[in-house]
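Each chain, written out:
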Amino acid sequence: MSEIIAGTYELKNKIGSGGGGVVYLAEHLRLGKKVVLKADKRKITTRPEILRREVDALKDLKHTYIPQVYDFFIEDDTVYTVIDYVEGESLDKPLKRGEKFSQPQVIKWACELLEALCYLHNPVHGTPPKGIVHSDIKPANIMFKPDGDICLIDFNIALALGEENVVGLSAGYASPEQYGLDFSTDSVFTESSKSKRKSAKRKTTAVNDTAETVAMKNIDETKTLKMPTSEQSKNGSKYSSSSLKKIIVPDARSDIYSLGATLYHLLSGKRPHKNAVEVEFLSGDDFSPLIIKIITKAMNPNPDLRYQSAEEMLYDFTHLRENDPRTKKRKKIIIAASMLFSLFLVGGAFTSFVGLSRMETMQKSLAFAEYSQNALESGDIDLAIKYALDALPEEGLLNPPYTAQSKKALTDSLGVYDLSDGFKPHKIVELPSETLKIALSPDGKTGAVVYSSSTAVFSTETGEIMVILPIVKSALSDIKYVNNDVIVYAGEKGITAYNIKTNNEIWKGKPATHISISADGQTVAGIYRDETFATVYDINGNIKATVSFKGNKQHILENDTFSDPEYNLMTLSANGQYLAVNFENGGLRIYDMEDLENDIEIYDKSDFNHFEGGFCGKYFAYTASDTKGISEFAIIDISELVQTVGADLDYHMDILINEKNIYLCDKNTIVSINPITGEQKETAYTDSDITVFANDGVNTIAATKKNNFVFFDEIASKTEEYNMGQAACNFVDISKDYAVAAGNDTRVIRILKKKQYESANTYSYDEEYVHDEARINKDESKIMLFSYKGFRICDIDGKVIKDVLIPNAEKVFDQQYIKNSGNLAVMYKDAFRLYSGETGDLLYEEEGLKSVLYTPYGVNIFNGTDIKLIDSDSGKILESGKGSGNFGAYCGIFVDEKFLDGGTLIGAGKIKEDYYFAVLKDEICIIYDGKGEKLFEVSAEKQSETFFIDTKVIISPLHGTPAVYSLETEQKITDLEKDAYLTYVTELNDYIIGEYYLSVSDERYGILMDKNTFETLAYLPDLTDIDINKNELIFDFHKGTLRRSRIYPINELINIAKEGDMD
Amino acid sequence: MFSNELLFYGGIVVVILTLISAVIFFVLFYVNKIKLNAKFDKEYGEKSKVGKKR
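Residues numbered from 1 in each chain as written. Chains lettered and ligands numbered in written order. Predicted model: local features only at pLDDT ≥ 70, side-chain atom pairs only at ≥ 80, totals over all residues. Heavy atoms only, no water.

### Some remarks on the nonpolar core
So, step 1. Grouped together as the largest cluster of nonpolar side chains are 56 residues, with contacts concentrated most on A:Leu263, A:Met313 and A:Phe317.
So, step 2. Breaking this core down by element, the ones donating at least two residues are helix 3 (103-121), strand 9 (150-152), helix 6 (252-268), helix 7 (289-298) and helix 8 (310-318) of chain A together with helix 1 (4-44) of chain B.
So, step 3. It is helix 3 of chain A that contributes the most residues to this core, 11 residues altogether.
So, step 4. Both domains that furnish three or more residues to this core are identified here as domain 1 (1-85) and domain 2 (91-322) of chain A. (Core = buried A, V, L, I, M, F, W, Y, C linked by side-chain atoms within 4.5 Å. Buried < 20%, exposed > 50% of the residue type's maximum accessible area, 1.4 Å probe, protein only. Helix = DSSP H or I, 4+ residues; strand = E, 2+ residues; numbered from the N terminus. Domains from an automatic or database assignment.)

### Notes on unusual backbone geometry
So, step 1. Located in the positive-phi region is A:Leu641, a residue other than glycine, with phi close to 55°.
So, step 2. Within the secondary structure, A:Leu641 is located in the loop between strand 29 (631-637) and strand 30 (642-649).

### Looking at the sheet that holds strand 58 (residues 914-921) of chain A
Residue and element names in this part refer to chain A.
So, step 1. Taking strand neighbours across the sheet as the criterion, the four strands line up as 57-58-59-60 in an open arrangement whose pairing is antiparallel. Each edge of the sheet is formed by a strand with only one pairing partner; in this case those strands are strand 57 (904-911) and strand 60 (934-939). Across the sheet, the mean angle separating the axes of adjacent strands is 20° when strand polarity is ignored.
So, step 2. The pairing of strand 59 (residues 924-929) with strand 60 spans five bridges and is classified as antiparallel. Across the sheet, residue Ile 927 finds its bridge partner in strand 60, namely Phe 936. (Pairing = 2+ DSSP bridges. Axes fitted to C-alpha atoms, helices over the stretch in contact; angles between N-to-C directions.)

### Some words on the sheet that holds strand 26 (residues 595-603) of chain A
All names here are of chain A.
So, step 1. Taken together, four strands build an open sheet; the order of strands is 23-24-25-26 and the sheet is antiparallel. Of all the strands in the sheet, the pair left with one neighbour each is strand 23 (570-572) and strand 26. Pairs of neighbouring strands in the sheet enclose a mean axial angle of 20°, with direction left out of account.
So, step 2. Taken together, the five bridges between strand 24 (residues 578-582) and strand 25 (residues 588-592) define a ladder with antiparallel strand orientation. Across the sheet, the residue bridging to Tyr 578 is Asp 592, located in strand 25.

### Examining the packing of helix 3 of chain A against helix 1 of chain B
So, step 1. Across the interface, helix 3 of chain A lies against helix 1 of chain B with an axial gap of 6 Å and an inter-helix angle of 70°. Viewed along their axes, helix 3 of chain A and helix 1 of chain B adopt a mutual orientation that is roughly perpendicular. Here helix 3 of chain A contributes A:Gln103, A:Pro104 and A:Ile107 to the contact with helix 1 of chain B, which in turn contributes B:Asp41, B:Lys42, B:Glu43 and B:Tyr44.
So, step 2. When grouped by side-chain class, the residues that make up the contact of helix 3 of chain A with helix 1 of chain B number three nonpolar, one polar and three charged. (Parallel < 35°, antiparallel > 145°, perpendicular 65-115°, else oblique. Contact = heavy atoms within 4.5 Å. Nonpolar A, V, L, I, M, F, W, Y, C, P; charged D, E, K, R; others polar.)

### Some thoughts on the side chain of A:Arg330
So, step 1. Considering the arrangement of structural elements, one finds A:Arg330 in helix 10 (residues 325-377).
So, step 2. Despite being buried, A:Arg330 has no salt bridge partner; A:Asp324 is the closest side chain of opposite charge, sitting 9.1 Å away.
So, step 3. A distance of 3.3 Å separates the side chain of A:Arg330 from the backbone oxygen of B:Phe29, its partner in a polar contact.
So, step 4. A distance of 2.5 Å separates the side chain of A:Arg330 from the side chain of B:Asn32, its partner in a polar contact.
So, step 5. With residues up to four places along the chain from it excluded, the contact list for A:Arg330 reads B:Phe29, B:Asn32, B:Lys33 and B:Leu36. (Lys, Arg positive; Asp, Glu negative; His and termini not counted. Salt bridge = Lys/Arg side-chain N within 4 Å of Asp/Glu carboxyl O. Polar contact = N/O pair within 3.5 Å; in protein donor to acceptor, adjacent residues only side chain to side chain.)

Set out below in structure tokens:
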């Protein structure tokens, strides 16, 4: 065919034809390049200059997937477009062959096509800049190149130019609006729309009826667009009935639709239905849901619901993986998992942190509790309370619950359950160096202490040092109280009288170390070290006399830092008339101030080097010892110069004399001696030798070699005992309500204060009545004081209702007070007696028994054939049955020797309605239920007994440590207090109270324990009874009164400690 | 309720178990990702060939 067009192009062959014209393969004659010449015979109405400009715009299109438009010219009324030749075949050909393409392949082409469309639709082409719509995307217009890419060809140039009569419709690929169908959202013809239709700007043109395109006439004319009548609007009908055809100019969304339809065809191998609403969905079995979704959206009849731009659609194609439901699901899973792991990590770390914090807090708490106990033992109450509070940090997330040790530390330091009258640790005074001497004022409210080179006066109430005064640097330096306000001390510059109330010096005299003041406070005597005279002053500091020793001097070491002032005697009589002094040569003389030349010689010389003594009225008492311990003791009537009492001893005895009494300490006993008769009366008795003691006329304090110091009342009963720990107790003094104790190797002075708790008195009784225990009955109308020998019933005022002697008391092995009725059960080995708590009358009595066993639910007696359970309240028989052998009891079942099989029933209990009992055999304790079924067994010592309480059993050996076991888990919970005999166990709200008896000291006490852990919370000294109704504890100090205390919750104790109000 | 030691050691155990579980989970997750990517390659084509910009 060799036709030359425009003198440039040689037509080679026809390669296609369609509604828009014929397409030739041509060759550029000069360049030799293959091109496509598209000849369009349709009339172009556009003006030439506009035509040129638009062609130039097309020529500027440069994109990988769009063939280059090289030229555009008109020849012979034919419009020629010169386009780049694209090798390959159009995709319609393989489709016609029945080929289908893989989804990945189609996606790749889709992206390439969309890239091309993005480029085309971009409003940057030409002048003025605008986008270009292809308007005829279909497989036939997509070239499949040999390299696997595609090329979008066959632009409808006329459409690009805005021509009105150019559009060709490719059935199945053309968008509905190209057919004049308006499914847009604001159209009145949409089924759901009831809004007013906006003015339609769609136009349709006639099309050529080709194989590729469908003429408008084939479209259902009812589907053309027309302005509806008002009636039709109301009906909402989709189509008008008019046959008026409209003109549509396709926009980007039309290309989107066409592309979607093309992809549909490429995937399914089927051309989509030309009617957009009748297009079948792609099968989810064959294609990915996301691809179906994209194509479906692209092919939405409503252009408003399609992709609004090629970019949008391209975005979806290029983000298939990201938008794939599986990816989204994975994202959700990873987010959820990350959150979960983070939660667990943070939670685990936080939990661990909380646990660690609580562990550390608990360790600190336990340490502080121990510090508190140590401070308490050293007598520093304030510090003990402070540490106890430190051991109880406020409960919270990071702080564990209070430990039992901490609670006990606070309880102990506050002493809330110690209601006994007596001297209690009060304060401490800390000194710069060790104590050398100590004295209390007559009223006990101040104390004076000598240490190193000073003397300090302190308040016994506050423990604060009031004044520090310089003294002679000597171990002999002395200090004495004249009265409550005035002290005389061995001042650095001379003996000094000082008023501690006004804080000023009263008078000063000659140097002195050893000082004595007459009991009437009017005379002061002083000796300076080993001088051979004493200076005697009146109360105003005027020298009354100078007593010459005629060359004799007291026994002083060369370095008197090491001298013991207690080895020398220098003392004035009560009225100051006589002065007794011992000397280095063993002499002892009494000088008469009224007649100094006429002194009384006790010893001229002797081997004695240790003298103690003083004046008691007209008597002078002394002890004198030598280095070998040989001693003499004597009491001399000064007026008669007659020895009234005397003794030779082979050991030293300390002596303490005041104006009222003469006390002698013989090893571990202190006695007061009648100076006339020599009669001795015991004042104190300790379990180890007494090293030093003091007495204020009422109470005695004695320090022992065991580093204890012990208090005794006026009837020589021991009231308190405290331990100094590692330090020895070398100095004690007592005056009225205060006492002090110190050691010469400690810098701490302990101050104790007498406390009385009369406000806690609840009931009184005759103190003379000897009893072991005291109980109050349920309605608090009567008190019973009892022992194995008998009992006394009193009313609440202490008035005796009845005294009863228990027969054969020596055969009694157990007694139990029955709280409910106030009765007293007395158990013998072969008899049982039950006494009324109201009248003291016998409610039940039986002898000749084989066994008697008390249980909380009644008393079990067995006479060899009959087992009876006696009600402890009424004395009536609750249960009776038969048994054999030497033992019988009711424990839910009747247990006799046959059941026991060589074992011993050591206890039984009833918890709610369930019976339990324990049998000891071969050091194995077997726990049974009330049906006789064995529950579990544990090892136990001989002579044990059991207590059943709550859901636990306590196995308590006579000599050993009670242990608590759980009836539910059969596991051991804990051990209880060691070395004490557990006599009774009571459950009271959140507490368990164990009552103990210490036979060594005949001491009864209770222990308050946590109900669940059995940890000790407080000691309850002298506990005698528990008022379950009022949740109160009752104490008996055997002083004629019972005292009552409630159980303090820990928070209340903390408040008390913080407020400092312990009284 | 819970002892302090239980909280402390329990918390540590939880952290350790969580870390181990997380490692196992993420390893399995990574393996699953590789498999899914293979599926995606099969369904959507290899990633490098899709969406080349021009």
